Each structure stands twice: as structure tokens, then as C-alpha cells.
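If you want the building blocks of each chain, they are given just below.
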Amino acid sequence: MSSSGSSRRPYAGWDFYEPSDRVGSSTVPAALAVVALASAGAFAYQRITMWMPLIYVNFLIVGGFAAAIGWAMSEAFLKTHGRAAKMGAGFAAGAAAVAFVVSFQAAAVFTRGEIREEREALQTRLALEGEGEFDEEAFEELVSSFGVGDYIQLRQEGGWTVGRRSGGVGLSGGMVWLVWLVELGILAGGAWLMAEKRLDRVYCEECRRFCDVIDVASIRHVPPRDAREAIRHGTIDDLLALPSTDRRAPPLHVRAHVCARSCPAWLDVSTVGPPTKKGARSSEVPLLTHAGVPSATLRRIEERAQLKADPAEEAQAPRRSKRPKPPGV
Ligand SMILES: [Zn+2]
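About the thresholds
Within every chain, residues take consecutive numbers counted from 1 along the sequence as written. Totals for whole chains, interfaces and linings use all residues, but because this is a predicted model, local features are given only for residues with pLDDT of at least 70 and pairs of side-chain atoms are given and counted only at 80 or more. The side-chain figures draw on all heavy atoms in the structure; neither hydrogens nor water molecules are used. By the criteria applied, helices consist of DSSP H or I runs no shorter than four residues and strands consist of E runs no shorter than two, each listed in order from the N terminus. Pairs of residues are marked as contacts when any of their non-hydrogen atoms sit within 4.5 Å. Note on areas: Shrake-Rupley, 1.4 Å probe, and residue coverage restricted to the protein chains presented here. Partly exposed describes any residue whose relative accessible area lies between the buried limit of under 20% and the exposed limit of over 50%, with all areas from a 1.4 Å probe on protein chains only and scaled to the type maximum. Only strands that DSSP links by at least two bridges are regarded as paired with each other. What makes a salt bridge here is a side-chain nitrogen of Lys or Arg within 4 Å of a carboxyl oxygen of Asp or Glu, nothing more. Think of a nonpolar core as a cluster: buried Ala, Val, Leu, Ile, Met, Phe, Trp, Tyr and Cys residues, connected wherever their side-chain atoms sit within 4.5 Å. Whenever a helix is involved, its axis is fitted only over the stretch in contact; in every case the axis is a line through C-alpha atoms, and angles between N-to-C directions fall within 0 to 180 degrees. Note on terminology: angles under 35 degrees are roughly parallel, angles over 145 are roughly antiparallel, angles of 65 to 115 are roughly perpendicular, and the others are oblique. Left-handed is the label given to a crossing in which the near helix is rotated counterclockwise from the far helix by less than a right angle, and right-handed is the label when the rotation is clockwise. Three categories are distinguished: nonpolar for Ala, Val, Leu, Ile, Met, Phe, Trp, Tyr, Cys and Pro, charged for Asp, Glu, Lys and Arg, and polar for the others, with Gly belonging to the last. A helix is expected to span 1.5 Å for every residue after the first. Values of bend correspond, residue by residue, to the angle between axes fitted over the seven residues ending at that residue and the seven starting there. For Phe, Tyr and Trp, rings pair up if their centres lie within 6.5 Å, where Trp contributes its six-membered ring, and each pair is then called stacked (planes under 30 degrees apart), edge-to-face (over 60) or tilted (otherwise).

Caption draft 1: Expanded view of the overall build of the protein chain. Secondary structure summary: the protein chain contains 11 helices and nine strands in total. Of the contacts formed within the protein chain by residues at least 6 apart in sequence, a portion of 70% connects residues at least 24 apart. When the accessible area of the protein chain is evaluated, it comes to approximately 19,800 Å², of which 57% is carbon and sulfur surface.

Rendered as C-alpha cells:
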């Protein structure tokens, strides 16, 4: 039998947050509503895509639509106690795939309108060629029967032009399918990533709510490797007691997920990678995610981390560092 006493010592070890992967009673209906919404949105999306002549900008629109679907799906999960992040991401990707399919139907409908607009030109041409009477009924029948298959065929023959309108590179035939495959990839992948990132939240099963996320502190001048070891094998005290040995070490961001004061908080510790030659920061590297700590401990981290922070680097600090500041970009 494991001793509950030792596991309850304030700084003894870290627990990792394990999501229950449960969803609320209204999560699935809400998710299906988002799928319907994405399908309706596919018409607006297709309209804009067909209107936009620049294929590069088109891909930005695809990315934007993907992000919107992912955002809406994660919102549906967050509002209905859906704490199954992978399921939410899967639903988001599914909604994006459905929207992709619907966009073909939208394209066929919009193309019908375009063909109708060509009606007069066609009439004039037939008259000039002496082809006889313009068959109104046959034309209408042809237009209204224009479907998804016809659109796909039309696209494969017509394709898109990349670059200048005259003398640009044409994309047709098999390349058209490649473009569509990339479009589907961006839509489903983008929606998945957006939903997964937004659903990476801690849910308190006791309070029955998602925890708030707050920035606790930045710990500076501690090499990330030391910090990671201290976190893995030690305690919060070990982490905070680490000497400031490396002034060039990237700051460690400590973020907390908190609900009520009586519930334990969950920590995220991540580091921003070392600055690149251009001075830009590389992306955040998670060292530890969602380790449970008592709320009282959180306060200690906050206090002690503030002491550790280099006052010269604090924006509100009146004292200035003697070191020359890097030129602002
Ligand atoms: Zn709670």
C-alpha cells in the first residue's frame, strides 16, 4: 500500500494532469451544429475563393477558414464541458472535410450562375454563325443539370493560372487534384491543430469547469536542462533554488491552471528557445505540462520567482542595466 502521507507532502513530486476524456450531454449536438455551420460557411468560402484570382492569397483564405472551423469546434467543446481534446480535434478535422466536400456543390451552383451570365454572348454568337434559333429550354436544362462532376471536369480542363494572367504557369489536369489535396490537407490539418491547441486546458472535475489560465512568473538565468531535471526529479523548491548560472539562458514561463482556491493548481513550465541570429525568439518548448501543485505553493513560486527575475529586464523597473541594450527592432 502506498503511503498517502508521503504523496501529500506539499513539494513531494509532481502529478500530471490526466484528462478524463469525458464530454457533456450537449457536446456532440453542439459539435454537429458546428459541422452544419461549417457546411453553410463553405458557400461563402467558395464564393470568395472563386472571386480571388491570386492562388497565393487563396491559400491564406483556406488557412483562415480552417482556423475558423477549429476555433468554432473548440468553442463548442469548451462551452459544453467537453474535455476530450483529441475528440474535439477530430470533430474539427471532420467538419473541415465536410465543408471541403460541400464547397464543390457550392462551386457547381456558382458556376451555373456564371453560365447563365454568358447567355447573351452565346445567343449573339449563334446568330452570327447562322446556327439558327437559340433553344431557351435546352439551355436552361443544360445549366440546371450542371453538377459537381461537371465542375470537376471543367476545372481539370481550365485549371488555374499561377503568376501573371498572360504567360503564367497553368495548373490543369492532375495538378488540379494536387491543389485540391493540398487544400483538404490545410483545411483538415489546420482545423485539427487549432482545436487541439485551444482544448489543451485543464478541467476540474470537482468544480465542473475549465480552469483559468494565468501567468505565474518567468524564471530567468537558469539553464533549461537544469530546470527540467529539477522538475522531473525534484520539487518546486529545487526548481526555485537553482542558481542563476547562465545569464543567456532563455526565460522559463510558468503558467498555472487554477479553478477554486481549495483545488490544486496545475502548472505548465515552458521555455522560449534561444534567440536566433536575427534576434527573434524561437517557439516555446514545453518542459512540463500540467503538474499539480497546491495553491499555497503557487504563491511561493510567484514570490520567489519575482525575486529571481532580473529587475533590469522588467519593463516597470526604474533602474537600468549597465549592459548595452540590444537595438530595438
Ligand atoms: Zn476545482
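After that view, the rundown keeps rolling.
Caption draft 2: Representation of the pairing of strand E7 (residues 252-258) within the structure. E7 sits mainly inside the fold: six of its seven residues count as buried. Taken together, the seven bridges between strand E6 (residues 212-219) and E7 define a ladder with antiparallel strand orientation. Note on E7: the bridge partner recorded for Ile 214 is Ala 256.

Caption draft 3: Looking closely at the environment of Ala 291. Here Ala 291 lies in strand E9 (residues 284-293). Spatially, the C-alpha atoms of Ala 291 and Glu 18 are 9.8 Å apart, while their sequence positions differ by 273 residues.

Caption draft 4: Representation of the pattern of salt bridges within the structure. Within this structure, the stated rule accounts for nine salt bridges. Between Arg 47 and Glu 114 there is a salt bridge, with the nearest N and O atoms lying 3.9 Å from each other. Placement of Arg 47 in helix H2 (residues 27-51) and of Glu 114 in helix H4 (residues 85-117) is noted, with a sequence separation of 67 residues between them. Residue classification places Glu 114 among the partly exposed positions, given a relative accessible area of 37%. Measuring nitrogen to oxygen at the nearest pair gives 2.7 Å for the salt bridge that ties Glu 196 to Lys 86. Linking Glu 196 in helix H8 (residues 174-198) with Lys 86 in helix H4, this pair joins segments that are 110 residues apart in sequence. You can call Lys 86 exposed: its relative accessible area is 53%.

Caption draft 5: Structural context of the side chain of Ser 103. Looking at where Ser 103 falls in the secondary structure, it is placed in helix H4. What makes Ser 103 buried here is its relative accessible area of 2%. Apart from residues no more than four positions distant in its own chain, Ser 103 is found in contact with Ala 42, Tyr 45 and Gln 46.

Caption draft 6: Spotlight on the nonpolar core. Of all hydrophobic cores here, the largest spans 44 residues; its most connected members are Ile 69, Met 73, Tyr 151, Trp 180 and Leu 187. Of all the secondary structure elements, the ones that give two or more residues to this core are H2, helix H3 (55-79), H4, helix H7 (148-158), H8 and strand E4 (203-204). Residue contributions to this core peak at 10 residues, all from H4. Tyr 151 has contacts with Gln 46, Phe 104, Ala 107, Ala 108, Thr 111, Phe 146 and Trp 180, leaving out every residue within four places of it along the chain.

Caption draft 7: Summary view of the packing of H3 against H4. One can describe the packing of H3 onto H4 by two numbers: an axis separation of 9 Å at closest approach and a directional angle of 135 degrees. When the interaxial angle is binned, H3 and H4 end up oblique. With respect to the hand of their crossing, H3 and H4 are arranged in right-handed fashion. Only Met 87, Gly 88, Phe 91, Ala 92, Ala 95, Ala 96 and Ala 99 of H4 make contact with H3, whose side of the interface consists of Phe 65, Ile 69, Gly 70, Met 73 and Phe 77. In terms of residue class, the contact of H3 with H4 is built from 10 nonpolar, two polar and no charged.

Caption draft 8: Structural context of H2. Taking 1.5 Å per residue as the helical rise, H2 with its 25 residues ought to reach 36 Å, and the 36 Å between its terminal C-alpha atoms agrees with that figure. If you look at H2, its biggest bend is around 25 degrees, right at Gly 41. If you check which residues of H2 are buried, you get Thr 27, Ala 31, Val 34, Val 35, Ala 38, Ser 39, Ala 42, Tyr 45, Gln 46 and Thr 49. Along its buried surface, H2 packs onto H3, H4, H7 and H8.

Caption draft 9: A look at the packing of H4 against H8. For the pair H4 and H8, interaxial distance at closest approach is 7 Å and the crossing angle is 150 degrees. Comparing their axes, H8 and H4 come out roughly antiparallel. For the pair H4 and H8, the crossing hand works out as right-handed. Residues Lys 86, Gly 88, Ala 89, Gly 90, Ala 92, Ala 93, Ala 96, Ala 97, Phe 100 and Phe 104 of H4 pack against Trp 180, Glu 183, Leu 184, Leu 187, Ala 188, Ala 191, Trp 192, Ala 195 and Glu 196 of H8. Tallied by class, the residues present in the contact of H4 with H8 amount to 14 nonpolar, two polar and three charged.

Caption draft 10: Representation of the packing of aromatic side chains in the model. Applying the stated rule across the entire model yields 10 aromatic pairs. Ring geometry for Phe 100 against Phe 104: centres 5.2 Å apart, planes inclined by 75 degrees, an arrangement best described as edge-to-face. Separated by four residues within a single helix, Phe 100 and Phe 104 lie in helix H4, roughly one turn from each other. Look at Phe 104 and Tyr 151: their rings are 6.3 Å apart centre to centre, the planes differ by 75 degrees, and that puts the pair in the edge-to-face class. Linking Phe 104 in helix H4 with Tyr 151 in helix H7, this pair joins segments that are 47 residues apart in sequence.

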